[in-house]
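Close look at the chain arrangement
Here is how the chains run, residue by residue.
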Amino acid sequence: MIDLVLDRARTAARAGDLDRALQLLDGARLDNAGLDLLARVHAQRGDYDKADACWIRAGEPETAPGRAEIARIRAGRSARPFWQPGRVAVAGVVAAGLAVTGGVTWVNSLPAAPPDPRVVAAQSQMRSVQQQNAQEKAQKAAAAAALAAAVDRTAASLAVPGVQVLKHADWVEVRFTKGVFSYEDALTDEGTERLRQVGTKLRGLPAAVTVIGHAVPVAGGPQRGGSVLALARALVAARELARTSGRPLTAFVLTTGDQTANPFSTKAANRTVTLAVRPTAPARPS
């Protein structure tokens, strides 16, 4: 942690933001390198007493030039007259120049610190995580775009007369606009033809198909949760779809819709099935 603090403080000091550098260093548990940096920042700000105190605490031979420079500045100040007619402005400029020049020298002369392996590793790991996140985001976007395109293609492929095709986020709903059963599980001639047409469209289509049977609630029968009749209708419709699509009957998933959620508002129209067609990725050659 302290290595990151020192690195940020050095960057701030070199950029001339001494207040930021001091804020980062103040109160931190500094080692000798940190104390040396803090001393240089104090010196740049003109706080020579604080700078000298930091170098004393560091106690390293490398701090000697800094302490010597502070001693020289202090000696020069004590030797200069407090007031000298005709030289006030010049003396002020000289003193200011000495302080600023000395400070700039101290901060800008900071040697380029060798990269801390821990900092380098942390930065590398952060970059790796950012790259991974970017790749995952791009992959998800590409997958979403591919799925949307597959849904569009599937919906377009299943468009036949007498059929309503509805697109959802990742699947396509196929509704028959007229009931395909005359009663019980007996198909109408038109219903048989519609199922055969859709089955032909399913041939070679990379998609999983669920056949949902529907039935209206009747007195004495279940009022919701599906029914045996609805499941029988799903089976009859799946057989017609299997004949024309070339798919085995076992490739179709059979289920029933709830009586309270039938697709249409009339009993005749709800003697039907609905198809849920979900695009799948084409099988890769082995």
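Relevant structure appears above.
This one's a predicted model, so the numbers in the text were calculated from it and none came from an experiment.

Turning next to the overall build of the protein chain. Counting secondary structure elements, the protein chain contains nine helices and seven strands. Accessible surface computed for the protein chain: about 16,900 Å², of which carbon and sulfur atoms make up 57%.

The next point concerns helix α9 (residues 228-245). Given 3.6 residues per turn, any residue in an α-helix points the same way as the ones three and four places further on. For α9, built from 18 residues, the straight-helix expectation of 26 Å at 1.5 Å per residue is met to within 8% by its first-to-last C-alpha distance of 25 Å. Looking only at α9, the buried set comprises Ala230, Arg233, Ala234, Val236, Ala237, Ala238, Glu240, Leu241, Ala242, Thr244 and Ser245. The elements touched by buried residues of α9 are β3 (181-183), β4 (186-187), α8 (189-202), β5 (207-213), β6 (252-256) and β7 (273-279). Immediately downstream of α9, the backbone of Gly246 shows phi near 80°, a positive value.

So, about the environment of Ile73. Position of Ile73 among the secondary structure elements: in helix α5 (residues 64-79). Between the C-alpha atoms of Ile73 and Tyr48, which are 25 residues apart in sequence, the distance is 9.0 Å.

This part is about α8. Compared with an ideal rise of 1.5 Å per residue, which puts 14 residues at 20 Å, α8 spans 20 Å between its outermost C-alpha atoms and is within 8% of the ideal. Here α8 has its buried residues at Gly191, Thr192, Arg194, Leu195, Val198, Gly199 and Leu202. All buried residues of α8 project into a common sector of 165° when viewed along the axis, lining one side. Following α8 by one or two positions, Gly204 has its phi on the positive side, about 75°.

In space, the five strands of this open sheet follow the order β1-β2-β7-β5-β6, with mixed pairing throughout. Pairing within the sheet leaves two strands with one partner each, and these edge strands are β1 (163-167) and β6. This sheet shows a mean twist of 20° between the axes of neighbouring strands, independent of strand direction. Sheet topology places β1 next to strand β2 (residues 172-176); five bridges connect them, and they run antiparallel. Note on β2: the bridge partner recorded for Gln164 is Arg175. Those strands touched by α9 are β5, β6 and β7, and its axis lies near 160° from that of β6.

The rules behind each value
Residues numbered from 1 in each chain as written. Predicted model: local features only at pLDDT ≥ 70, side-chain atom pairs only at ≥ 80, totals over all residues. Heavy atoms only, no water. Helix = DSSP H or I, 4+ residues; strand = E, 2+ residues; numbered from the N terminus. Areas by Shrake-Rupley, 256 points an atom, 1.4 Å probe, with all protein chains shown as cover. Expected span 1.5 Å × (residues − 1). Buried < 20%, exposed > 50% of the residue type's maximum accessible area, 1.4 Å probe, protein only. Contact = heavy atoms within 4.5 Å. Arc of directions from axis to C-beta. Pairing = 2+ DSSP bridges. Axes fitted to C-alpha atoms, helices over the stretch in contact; angles between N-to-C directions.

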